[in-house]
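Secondary and tertiary structure notes
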Amino acid sequence: MLGRRGYWPFGASANSLAGKAKPLVNCTKISVRDRASAALLSDWQIPCIIAPDPVWALESKPVPGLWDLPAPRVAVTLRSHPLLTETRLANLTRALVDFQKATQAFILLLPFQKSEDLSIAEAIQPQLKDVSKILCLEDRNF
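Here's what I pulled together on the structure shown here.

Considering the pairing of strand 3 (residues 73-76)
Judged from the 4 bridges that link them, strand 3 and strand 4 (residues 106-109) form a sheet pairing that is parallel. Opposite Arg73, over in strand 4, you have Phe106 as the bridge partner.

Remarks on the nonpolar core
Within the largest apolar cluster, 10 residues are counted, these being Val76, Leu89, Leu96, Val97, Ile107, Leu109, Ile120, Ala121, Ile124 and Leu128. If we ignore the near neighbours within four places in the chain, the residues touching Leu128 are Leu96, Val97, Gln100 and Ile107. Formed by 8 residues, the second largest nonpolar core is a distinct cluster that contains Ile30, Ala38, Leu40 and Ile46.

Some points on the pattern of salt bridges
In this structure the tally under the stated criterion is 1 salt bridge. Across the pair Asp117 and Arg79 runs a salt bridge whose closest N-O atoms are separated by 2.6 Å. Placement of the pair is Asp117 in helix 3 (residues 114-124) and Arg79 in the loop between strand 3 and helix 2 (86-103), with a sequence separation of 38 residues.

As for the pairing of strand 4
Here strand 4 shows two buried faces, one formed by Phe106 and Leu108 and the other by Ile107 and Leu109. Crossover strand 3 to strand 4 through helix 2 is right-handed. Of the strand pairs in this sheet, strand 4 and strand 5 (residues 132-134) are connected by 3 bridges, and their pairing is parallel. Residue pairing for strand 5: Ile107 is matched across the bridge by Ser132. For the crossover from strand 4 across helix 3 to strand 5, the handedness is right-handed.

Criteria and thresholds
Residues numbered from 1 in each chain as written. Predicted model: local features only at pLDDT ≥ 70, side-chain atom pairs only at ≥ 80, totals over all residues. Heavy atoms only, no water. Pairing = 2+ DSSP bridges. Helix = DSSP H or I, 4+ residues; strand = E, 2+ residues; numbered from the N terminus. Core = buried A, V, L, I, M, F, W, Y, C linked by side-chain atoms within 4.5 Å. Buried < 20%, exposed > 50% of the residue type's maximum accessible area, 1.4 Å probe, protein only. Contact = heavy atoms within 4.5 Å. Salt bridge = Lys/Arg side-chain N within 4 Å of Asp/Glu carboxyl O. Right-handed = clockwise from strand over helix to strand, strands pointing away.

Here it is, written out as C-alpha cells:
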C-alpha cells in the first residue's frame, strides 16, 4: 500500500520522496487507497489502481459477548508510534475518561494486533475501571 498512512514518513513531502519510487517500478500490481497517491504514481509514470483496503471485503462475523456489554459502546484502537509519547498517551487517556463520563458510553479497547496494540490498551484500561473492556479478536478465527 502506498499512501499518506502507509508509505512515506510523517512530515515528508511526497515530491521529496520521488527517488523512493524506484523499487515500485518492478512491481507487477500496485493499489493505492486515495486519489492523491494515484496522482503521485501517475506523475512518476507508474500504473496503479485505486482500491479499498482489503479488510472491507471480509465477511462480517458476530463477536461473542458483544451484545452483553452495556450500550452505547465506543471502540478505540491505538497503535504505538514515536509521536505517541507517554505524555500524549496520558493526555489521550484523560480525554477518553472525560469522553466516557460525558457520554456514559462503554469503551471497547480493541488491540487489532496484540504484539503492537495490547500494551497501550492495558495502559488505558485501568483508568476506565468498570466502564471498559479490552477485547482481543485476534484469537477468534475471524
